[in-house]
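Coordinates in review
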Amino acid sequence: MTLRLSAQQIAEAARLLQAGQLVAFGTETVYGLGADATNSRAVAAIYQAKGRPSFNPLICHYATAEAAFADVRASGMARALATHFWPGPLTLVLPRAVDCPVSELAAAGLATLAVRVPAPAAARSLIAAVGRPLAAPSANPSGKISPTTAQHVIDGLGGKIAAVLDTGPCLVGLESTVLDLSGAAPCLLRPGGVPVEAIEALIGPVGRAHDHGAPKSPGQLLSHYAPNLPLRLDAVAIAPHEALLAFGPAPTGARLVFNLSEAGDLAEAASRLFEGLRWLDREAARGGFTGLAAMPIPGHGLGAAIRDRLARAAHDGKF
Ligand code: TXA
Ligand code: MG
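Per chain, residues are indexed from 1 in the order of the written sequence. Think of it this way: whatever chain is written first is A, whatever ligand is written first is 1, and the rest follow in order. In keeping with the predicted nature of the model, local features appear solely for residues at pLDDT of at least 70, side-chain atom pairs appear and are counted solely at 80 or more, and the whole-chain, interface and lining totals rest on all residues. Hydrogens and water molecules were not included; the side-chain quantities draw on all heavy atoms of the structure.

**Observations concerning the overall build of the protein chain**
- Segments assigned H or I by DSSP are reported as helices when at least four residues long, segments assigned E as strands when at least two residues long, and all are numbered from the N terminus. Across its full length, the protein chain carries 9 helices and 15 strands.
- Viewed in the frame of its principal axes, the protein chain has a C-alpha envelope of about 60 × 45 × 35 Å.
- The classification of residues rests on relative accessible area computed with a 1.4 Å probe and restricted to protein chains. Under 20% of the type maximum is buried, over 50% is exposed, and intermediate values are partly exposed. By residue count, 55% of the 319 residues in the protein chain fall in the buried class.
- Long-range pairs, those at least 24 residues apart, make up 66% of the contacts in the protein chain with a sequence separation of at least 6.
- On the protein chain, roughly 13000 Å² of surface is accessible, and the fraction owed to carbon and sulfur atoms is 55%. Note on contacts: a residue pair qualifies if any of its non-hydrogen atoms lie within 4.5 Å across the two residues. Where accessible areas are quoted, they stem from the Shrake-Rupley method and a 1.4 Å probe; at the residue level, only the protein chains shown are allowed to cover.

Here's what the structure looks like:
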């Protein structure tokens, strides 16, 4: 069932969520697969529908910063970041408050909780109508490309969830930046919709999580966002059997091209990334191509998040 957007439909989606059902909804980043974060059975259903490893904790979504900070112990730095970037694509990892009502399962048993306030008014109205935080991972089968339209959600999870609240295509197009503020110094766990440079301009230098040792953000598994065809990175020339994910002017000779941004605009490229990967993967398979090649993307601003997702899509974990 697809719910079109009206106050009545938001109310209907909220009722389903209050009853412990799964409802996907659009955010500015990607579609989230929402459940009442305080209901362990509903949260368990998220892991089940996605086929998600149960050690991978979920982000809790709130209608306001005030509501989010009731469930965690927020430092002055967290409050400054929230004032500046919320509502928006920044997730903060903070120590759980003593009386935090969020299910242990949602946080995978960790002493910390990842919280964010999504930008779209519809998403915040939905959360406010439910009256509880919503745990919501990206609404895709685990390991597959994240959804940026309601149709993507139905393609991946149709039949496994109660409803999708169709809020239109996601404007940012890739997931939130995840920043760990629970340790002695802030640490970037996942590059995303807020460029790390913008965060550093506000709070100073931010550390980077390393891939060696136990991953601090368990969701940063290397194989992720996987298309079906193999993906080659930093391609400056194109082989005849390859379909091209272009950025800026495409080289001549490519027979099947999806251009993330002909103008070389990183925000446009981010918003088209997952759509482009899906389209190219599907059309390339239809056309008998045997691989995908992605042109180089600069590493600054939103480029860092785009490169991160492409590296995961290519399974090699480095870029
Ligand atoms: O933009 C987004 O963040 C989207 C939309 C729906 O809000 N959600 C999303 O959720 O991308 P998900 O579950 O696909 O990714 C959440 C990331 C994972 O890498 C997870 O390991 C990490 O956040 N995470 C969640 N809770 C954490 C915690 N307590 N400590 C460290 N990492 C955490
Ligand atoms: Mg995800």
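**Examining the packing of aromatic side chains**
- What counts as a ring pair is set by centres within 6.5 Å for rings of Phe, Tyr and Trp (its six-membered ring), and what kind of pair is set by the plane angle: stacked under 30 degrees, edge-to-face over 60, tilted for all other angles. Per the stated rule, a full pass over the model turns up 2 aromatic pairs.
- Between Phe258 and Trp279 the ring centres are 5.9 Å apart and the planes differ by 45°, which places this aromatic pair in the tilted class. Of the two residues, Phe258 sits in strand β14 (residues 257–259) while Trp279 sits in helix α8 (residues 266–286), which places them 21 residues apart along the sequence.

**Remarks on the domain arrangement of the protein chain**
- The split of the chain into domains comes from an automatic or database domain assignment. Each assigned domain of the protein chain is listed with its residue range as follows: domain 1 (2–208) and domain 2 (222–313).
- Computed from C-alpha atoms alone, the centre-to-centre distance between domain 1 and domain 2 is 27 Å.
- In this assembly, 21 residues from domain 1 lie in contact with 20 residues from domain 2.
- Buried area adds together the accessible area that both of two parts lose upon being put together, with accessible area traced by a 1.4 Å probe. Together, the buried faces of domain 1 and domain 2 total about 1700 Å²; carbon and sulfur atoms form 55% of this surface.

**A look at the sheet that holds strand β12 (residues 231–232)**
- Judged by pairing direction, the sheet is parallel, and its 4 strands sit side by side in the order β12-β15-β13-β14 without closing on themselves. Each having just a single partner strand, β12 and β14 make up the two edges of the open sheet.
- Pairing geometry for strand β13 (residues 242–246) and β14, over 3 bridges, is parallel. Bridging across to β14, Leu244 finds its partner in Val257. Only strands that DSSP links by at least two bridges are regarded as paired with each other.

**Some remarks on the packing of helix α4 (residues 76–85) against helix α7 (residues 196–203)**
- Angles shown run from 0 to 180 degrees and are taken between the N-to-C directions of axes, each axis being a line fitted to C-alpha atoms and, for helices, limited to the stretch in contact. Viewed as axis vectors pointing N to C, α4 and α7 meet at an angle of 125°, and their least axial separation amounts to 11 Å. Considering their axes alone, α4 and α7 lie oblique with respect to each other. Note that α4 runs across α7; the crossing there is right-handed. Packed against α4, whose contacting residues are Met77, Ala80, Leu81, His84 and Phe85, the element α7 presents Ala198, Ile199, Leu202 and Ile203 at the interface.
- When the residues that make up the contact of α4 with α7 are grouped by side-chain class, the tally is 8 nonpolar, 1 polar and no charged. Each angle is binned into one of four classes, with values under 35 degrees roughly parallel, values over 145 roughly antiparallel, values of 65 to 115 roughly perpendicular, and all other values oblique. Handedness of a crossing is defined here by the sense of rotation of the near helix relative to the far one, left-handed for an anticlockwise turn of less than a right angle and right-handed for a clockwise turn. Throughout, the ten residues Ala, Val, Leu, Ile, Met, Phe, Trp, Tyr, Cys and Pro are labelled nonpolar, Asp, Glu, Lys and Arg are labelled charged, and all others, Gly among them, are labelled polar.

**Overview of the confidence of the model for the protein chain**
- Per-residue confidence from the predictor is reported as pLDDT, a score between 0 and 100. A residue-level look at the protein chain finds 92% of positions with pLDDT of 70 or above and a mean pLDDT of 91.
- The model gives residues 211–215 a pLDDT under 50, and that stretch makes 2 contacts with residues more than four places away or in other chains.

**Some words on helix α2 (residues 40–50)**
- If you check which residues of α2 are buried, you get Ala42, Val43, Ile46, Tyr47, Ala49 and Lys50.
- Looking at the buried side of α2, the elements it contacts are β3 (31–36), β7 (134–135) and α6 (150–157).
- Under the rule applied, a polar contact is a pair of N or O atoms within 3.5 Å (in protein, one hydrogen donor and one hydrogen acceptor; residues adjacent in sequence only if both atoms are side-chain atoms). At the N-terminal boundary of α2, the capping side chain belongs to Asn39, with an oxygen 3.0 Å from the backbone nitrogen of Arg41.
- Looking one or two residues beyond α2, the residue adopting positive phi is Gly51, at roughly 65°.

**Regarding the side chain of Thr91**
- By secondary structure assignment, the location of Thr91 is in strand β5 (residues 90–95).
- Overall, the relative accessible area of 0% leaves Thr91 in the buried class.

**Quick word on the environment of Gly264**
- Among the structural elements, Gly264 can be located in the loop between β14 and α8.
- The class of Gly264 is partly exposed, set by a relative accessible area of 33%.
- Residues Gly264 and Phe247, 17 residues apart in the sequence, show an inter-C-alpha distance of 5.8 Å.
- When near neighbours in sequence (up to four residues on either side) are disregarded, Gly264 contacts Phe247 and Gly248.

**A word on unusual backbone geometry**
- With an omega of -10°, the peptide bond between Trp86 and Pro87 qualifies as cis.
- Following the sequence through the fold, Pro87 ends up in the loop between α4 and β5.
- With a phi angle near 55°, Asp234 is a residue other than glycine that sits in the positive phi range.
- Structurally, Asp234 can be placed in the loop between β12 and β13.
- You can call Asp234 partly exposed: its relative accessible area is 35%.

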